[in-house]
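# Examination of the molecular architecture
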Amino acid sequence: MAVRAIRGAIQLDGYGREEILEGTAELVAAVMSRNELTPDAVISVLFTVTHDLTAEFPALAARKIGFHDVPLMCAQEIRVPGAMPRVVRLMAHVETDRPRSQIQHVYLRGATALRLDIAQLSPGGRPPSPRCLPDGKRILYRTGSNWRCELLMTLPRVLVIGAGLIGTSVALALREHGAEVWLSDHDPATARLAADMGAGAVVPDLRDAKGIADIALLAMPPAFVATELAHAQECAVADVYTDVASVKSLPVQRARAAGCDLETFVPGHPLAGREKHGPAAARADLFLGRTWALCPLPENAPAAVDAVTNLVVACGADPVRVDAATHDQWVALVSHAPHLVSVAMAARLAGPSAPAEALRLAGQGLRDVTRIAGGDPELWAQILSANAVPVARILQAVADDLAATARVLASSAAGDTAADDAVTRLLDRGRAGVARIPGKHGGKPPELTMVQVVIADQPGELARLFAAAGAASVNIEDIRIEHSPGLPVGVAELSVRPAEVARLLDAMDAGGWPVRRLPGDHVPLSLLL
């Protein structure tokens, strides 16, 4: 018998306790099965999890499936920008008769991409045959019927059609990893600006770009996706196509009606953006840790879906699969309707009912509510038109709530005390809804305490504040700043975990900052956003 070390990893489908236990059990079972082991042969197992998994110890899953007397240990990994999220890893030391060359290291689901050099062995110990794209490029592998994804071994060549905020941000993210990126836009000046920012090289005419890319990414409003897809496919610029439009049903319907090749077109939508637009607003880190919806079609080739998934991961995003119709209903609730609500409130400030003297009283609450109202009106008009029915349904429900509240407030002003209860019920429902919004990394919002710090309005003050918190080993989960009109100071509201409050207060006091902890219960992070 020899002692061997076996490595393994799995990417989970979610952040919750059940996902951790089920995923860990699947990984452990695969390691044991592929290496023909029993728990008696296991000496010890070290589990590690990415920093976003905090709901449960993975070792509990091993205990539940028979590792009763095996020493187990769990650890959390360091934070690395752009690292794959939701990953459980293990290192198992076992006694086995197998030679080192026959040990089966196990990488499941999206984690296969972490170690393509050792994760590709089939259960029999032989490398599989490569899977080829239609033009014969040997860039995709699969391990067998149990492997849930196929991934590009190298970064693909990408053509970005539409060099606005999202398209240029995708290009910058890929260029940071050394990918070959090409740019195309109807406005040559826009494409040149993106190229000058380091996003890639300009393609003047798609008709001269046959086979230039592995993946073409269409970055334009929903109404134009089908037309651009048909043109790009006619020019045969890429093997696989995807888009980033914020509505999915309309582009798919029009692409199908136009006779586009849907085998190679995988609709997508990154849930990321800014109030600004154009290539000058683009950022390479725009997608880090953000959800990127993928809406595979029945016609899609599996290789096309996996190629686009790999592109999403390369941008630092978290791919989530959902059908097009469901996607449109969900984004109407979490994005499109909230934008219109923000715009409607901001519009109240543009008329005579909002004199300049009144706006001098505006605080952070008004800024929070109206922040996203500054988006590009032309772009948003196209988005809302493309998703009109789901958005209208939600707006009507919001309007009904507001109309009912207006009626009971009028009754309250007339002395009806029962109306106050109706308003309180709506406020309670709102608070409950906010508490359901996921916190960082999509997990449950942590319980936080807010600490207010008075800071001078001068260069370097925030840097000094963060440095002091870091030196005290305090992680600032969130920050917002209230400026004092007419005074050269502001109030920084720092949200930290309750166990770190005392250390933060000591650090602030030592640095000479006036501080106070807000009274009341701990506040979920989502309530502070």
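On a predicted model such as this, the values are computed, not experimentally measured, just so you know.

Now for the packing of aromatic side chains. The geometry of an aromatic ring pair comes down to the distance between the two centres and the angle between the two planes. Inspection of every chain in the model, using the stated rule, returns one aromatic pair. Ring geometry for Phe287 against Trp292: centres 5.2 Å apart, planes inclined by 45°, an arrangement best described as tilted. Residue class for Phe287 comes out buried when judged on its relative accessible area of 1%. The ring of Tyr15 carries the charged tip of Arg86 above its face, separated from the ring centre by 5.7 Å.

When the charged atoms of two side chains lie near each other, side chains of opposite charge can form a pair. Counted under the stated rule, the structure contains 15 salt bridges. Salt-bridge contacts for Arg157 lead to Asp214; the nearest nitrogen and oxygen are separated by 3.4 Å. Linking Arg157 in the loop between strand 7 (151-152) and strand 8 (158-161) with Asp214 in the loop between strand 10 (201-202) and strand 11 (215-218), this pair joins segments that are 57 residues apart in sequence. For Arg157, a relative accessible area of 22% translates into the label partly exposed. For Asp214, a relative accessible area of 10% corresponds to the buried category. Arg283 is the partner of Asp285 in a salt bridge, and the nearest nitrogen-oxygen pair spans 3.0 Å. Among the charged side chains, a salt-bridge network with shared partners connects Arg17, Glu18 and Glu56.

Running from N to C, helix 8 (residues 324-347) and helix 12 (residues 388-413) point in directions that differ by 55°, and their axes come no closer than 8 Å. The orientation of helix 8 relative to helix 12 falls into the category oblique. Considering how the two elements wind past one another, helix 8 and helix 12 form a crossing that is right-handed. On helix 12, the residues touching Asp328, Gln329, Ala332, Leu333, His336, Ala337, Leu340 and Val341 of helix 8 are Pro390, Val391, Ile394, Leu395 and Val398. In terms of residue class, the contact of helix 8 with helix 12 is made up of 10 nonpolar, two polar and one charged.

Turning to the sheet that holds strand 9 (residues 181-184), a few remarks are in order. Read across the sheet, six strands follow the order 10-9-8-11-12-13 without closing on themselves; strand pairing throughout is parallel. This sheet does not close on itself; its edge strands, each paired only once, are strand 10 and strand 13 (265-266). Contacts from helix 3 (residues 165-176) reach strand 8, strand 9 and strand 11 within the one sheet, and its direction differs from that of strand 9 by about 165°. Of the strands in this sheet, strand 8, strand 11, strand 12 (240-243) and strand 13 are in contact with helix 5 (residues 222-234), which crosses strand 12 at around 165°.

Now for the confidence of the model for the protein chain. When pLDDT is averaged along the protein chain, the result is 82; 86% of the residues meet or exceed 70. Within the model, the stretch residues 120-153 combines pLDDT values under 50 with 72 contacts to residues more than four positions away or in other chains. Predicted confidence is poor over residues 519-529, with pLDDT under 50, and the contacts of this stretch with residues over four places away or in other chains come to 29 contacts.

Moving on, we come to the pairing of strand 4 (residues 87-96). Pairing of strand 1 (residues 2-11) with strand 4 involves 10 bridges; the strand directions are antiparallel. Each bridged residue has a counterpart across the sheet, and for Ile10 the counterpart in strand 4 is Val88. In this sheet, strand 4 lies alongside strand 2 (residues 42-49) in antiparallel orientation, the contact comprising seven bridges. Within strand 4, the position partnered with Thr48 by the bridge is Arg89.

Buried together is how nonpolar side chains tend to be arranged in soluble globular proteins. Val170, Leu174, Leu217, Phe287, Trp292, Leu311 and Cys315 are the most contacted members of the largest nonpolar core, which totals 39 residues. Sorting the residues of this core by element identifies strand 8, helix 3, strand 9, strand 11, strand 15 (291-294) and helix 7 (302-314) as the ones contributing at least two each. If you look at the next biggest cluster of nonpolar residues, it comprises 29 residues, including Ile10, Leu27, Ala59 and Val94.

Attention shifts here to helix 12. When the terminal C-alpha atoms of helix 12 are compared, their 37 Å separation across 26 residues agrees well with the 38 Å that a helix rising 1.5 Å per residue should span. Considered for burial, the residues of helix 12 that qualify are Pro390, Val391, Ile394 and Thr405. Packing partners of the buried residues in helix 12 comprise helix 8, helix 11 (377-386) and helix 13 (418-436).

So, about the environment of Gly178. Inspection of the secondary structure assignment puts Gly178 in the loop between helix 3 and strand 9. Spatially, the C-alpha atoms of Gly178 and Leu155 are 7.9 Å apart, while their sequence positions differ by 23 residues.

With that settled, consider the pairing of strand 15. By the bridge criterion, three bridges tie strand 14 (residues 268-270) to strand 15 in an arrangement that is antiparallel. When the sheet's bridge partners are listed, Pro270 is paired in strand 15 with Trp292. Pairing analysis gives four bridges linking strand 15 to strand 16 (residues 318-321), with the strands arranged parallel. The partner of Thr291 across the bridge, within strand 16, is Asp318. At this point the chain moves from strand 15, through helix 7, to the parallel strand 16, and the crossover so formed is right-handed.

Turning our eyes to something else, we now look at the sheet that holds strand 15. Strands in a sheet are paired, the pairing made by backbone hydrogen bonds, and the direction either parallel or antiparallel. Read across the open sheet, the three strands follow the order 14-15-16; overall the sheet is mixed. Where the open sheet ends on each side, the last strands, each with one partner, are strand 14 and strand 16. Taken pair by pair, the neighbouring strands of this sheet meet at an average axis angle of 25°, ignoring direction. The sheet strands contacting helix 7 are strand 15 and strand 16, and the helix crosses strand 16 at an angle near 145°.

With that out of the way, let us pick up the side chain of Thr96. Note on placement: Thr96 falls in strand 4. Only 3.1 Å separates the side chain of Thr96 from the backbone nitrogen of Arg98, close enough to count as a polar contact. Ignoring any residue separated from it by four or fewer positions in sequence, one finds Thr96 in contact with Met1, Ala2, Arg4, Leu37 and Ile103.

About the thresholds
- Residues numbered from 1 in each chain as written.
- Predicted model: local features only at pLDDT ≥ 70, side-chain atom pairs only at ≥ 80, totals over all residues.
- Heavy atoms only, no water.
- Phe/Tyr/Trp six-rings, centres within 6.5 Å; stacked < 30°, edge-to-face > 60°.
- Buried < 20%, exposed > 50% of the residue type's maximum accessible area, 1.4 Å probe, protein only.
- Lys NZ or Arg CZ within 6 Å of the ring centre and 35° of its normal.
- Salt bridge = Lys/Arg side-chain N within 4 Å of Asp/Glu carboxyl O.
- Helix = DSSP H or I, 4+ residues; strand = E, 2+ residues; numbered from the N terminus.
- Axes fitted to C-alpha atoms, helices over the stretch in contact; angles between N-to-C directions.
- Parallel < 35°, antiparallel > 145°, perpendicular 65-115°, else oblique.
- Left-handed = near helix turned anticlockwise from the far one by under 90°.
- Contact = heavy atoms within 4.5 Å.
- Nonpolar A, V, L, I, M, F, W, Y, C, P; charged D, E, K, R; others polar.
- Pairing = 2+ DSSP bridges.
- pLDDT = per-residue confidence, 0-100.
- Core = buried A, V, L, I, M, F, W, Y, C linked by side-chain atoms within 4.5 Å.
- Expected span 1.5 Å × (residues − 1).
- Right-handed = clockwise from strand over helix to strand, strands pointing away.
- Polar contact = N/O pair within 3.5 Å; in protein donor to acceptor, adjacent residues only side chain to side chain.

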